[in-house]
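Topology and contacts: notes
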Amino acid sequence: MSQSPSGDSKVGIGLVSVTSCPSGKVWIEAHNGTSDTVDVNILNTRERAQVLRKLDWHLLPVVSLLYFLSFLDRSNIANAKVAGMAADLNLVGLRYNTAAAVFFLPYCFGQVPSNIILKIFRPSRWIPIIMVAWGLVMTLMCLVETYQGLLVARVFLGLAESGLFPGVTYYLSLWYPRAERGKRLAIFFSAATAAGAFGGVLAYAIKKMEGIGGLHGWQWIFCLEGIVTLLVALPGFFIMYDYPDTASFLTETEKCTLIELLKTDSQNLAAHYRFRFVLQALTDYKTYLQFGIYISLLVPGNAYHIVYVDYHQRAWFLCCECPTSLRPSVRRRLCLHHSFRHHFG
């Protein structure tokens, strides 16, 4: 093994350390003891764009599918209500609203601990475990027979799903420079509106299974959608990639290209976990400013969905949700394209 050259900067990314050398070369040292030196002067804009495009094809479809299923499972309570759950579980007064809203309490409080665990363990292990957990809860919700049981199930569903969105956000930060991250997160987030669009159509079809196996149509909605989540989660242990230096779909040159991009982007940023980093985030005013922005986006959307369902109790309404939910997705994509084309984001 060759000796490490003297460098002017060094940073840890994933399972490797990268050192920039005055000669324009990059010293790549893996945590397993192997090392190599790569000339980065051969890298150009087109080659870097090709690497990022390769990441898009291998990462974004997977994480978008995960969020699609996550949003589908958390919001199908509205479809189940239209399909007859309100009458069977005696959801009178504010009971339905309470059951829909209680999901978000553990969902909020579970996000930070989940990301701390993700920081310690491999993404290809923790994220599929999250999926298995909420898939089991979702599937077993078909056995709920009382309002109290529905509340308990929604609490555990919120806790299980809490780690996905912040976890994927952190996961993408391991692969993309900050300037490229916003576009990918917007594409990832668009899966939520797609779930709202097709969730109603899917629920309308599943509702026709009323009485099969002694279950109501709304129970089959929970059961089948939970099973789909489980079927996707199990291969996730094998198809998710952890870090750029261990990605099998990248060549050695592409790995070095990507690691150099991330190294340049993350200079003076820590790549390890310390509890004081959590305290820094909690005492930063920008954290709470982001809280306000995100709350102002989510509250109207979720409140609209709950109230809209309250005033449309017929099963055919489930199919009418599709065009209503697709419009925001199309607008988001157009806004995203315009923003990045004119450098507003």
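Calculation rules
Residues numbered from 1 in each chain as written. Predicted model: local features only at pLDDT ≥ 70, side-chain atom pairs only at ≥ 80, totals over all residues. Heavy atoms only, no water. Helix = DSSP H or I, 4+ residues; strand = E, 2+ residues; numbered from the N terminus. Buried < 20%, exposed > 50% of the residue type's maximum accessible area, 1.4 Å probe, protein only. Contact = heavy atoms within 4.5 Å. Areas by Shrake-Rupley, 256 points an atom, 1.4 Å probe, with all protein chains shown as cover. Phe/Tyr/Trp six-rings, centres within 6.5 Å; stacked < 30°, edge-to-face > 60°. Lys NZ or Arg CZ within 6 Å of the ring centre and 35° of its normal. Core = buried A, V, L, I, M, F, W, Y, C linked by side-chain atoms within 4.5 Å.

1. What about the overall build of the chain?
Helix and strand counts for the chain stand at 14 helices and 4 strands. Within the span of the chain, comprising 345 residues, buried residues form 44% of the whole. Considering only residue pairs separated by 6 or more positions, the chain has 73% of its internal contacts joining residues 24 or more positions apart. When the accessible surface of the chain is split by element, carbon and sulfur atoms take 66% of a total near 17800 Å².

2. Focus on the environment of Leu258
When you line up the elements, Leu258 lands in helix 11 (residues 252-265). A relative accessible area of 0% means that Leu258 is categorised as buried. The spacing of Leu258 and Asp245 is 13 residues in sequence and 8.8 Å in space, taken between C-alpha atoms.

3. Details of the packing of aromatic side chains
Following the criterion strictly, the structure yields 14 aromatic pairs and no others. Pairing Tyr67 with Phe188 gives two aromatic rings, centres 4.9 Å apart and planes at 40 degrees, and the pair type is tilted. Highlighted residues: Tyr67 in helix 1 (residues 45-88) and Phe188 in helix 8 (residues 178-189), separated in sequence by 121 residues. With 4.7 Å between their ring centres and 70 degrees between their planes, Tyr241 and Phe249 make a pair best called edge-to-face. Residue classification places Phe249 among the buried residues on the basis of a relative accessible area of 10%. Pairwise contacts between aromatic rings join Tyr67, Phe71, Phe165, Phe188 and Phe189 into one cluster. Just above the ring of Tyr96 sits the side chain of Lys81; from NZ or CZ to the centre is 5.1 Å.

4. Examining the nonpolar core
Looking at soluble globular proteins, one finds that nonpolar side chains tend to be buried together. Leu55, Met85, Leu150 and Trp175 are the most contacted members of the largest nonpolar core, which totals 64 residues. Secondary structure elements with two or more residues in this core: helix 1, helix 2 (95-101), helix 5 (123-140), helix 6 (147-161), helix 7 (164-173), helix 9 (191-207), helix 10 (217-239) and helix 11. With 15 residues, helix 1 is the largest single contributor of residues to this core. With sequence-adjacent residues up to four places away left out, Met85 is seen in contact with Ile77, Ala80, Asn90, Leu91, Leu150, Trp218 and Phe222.

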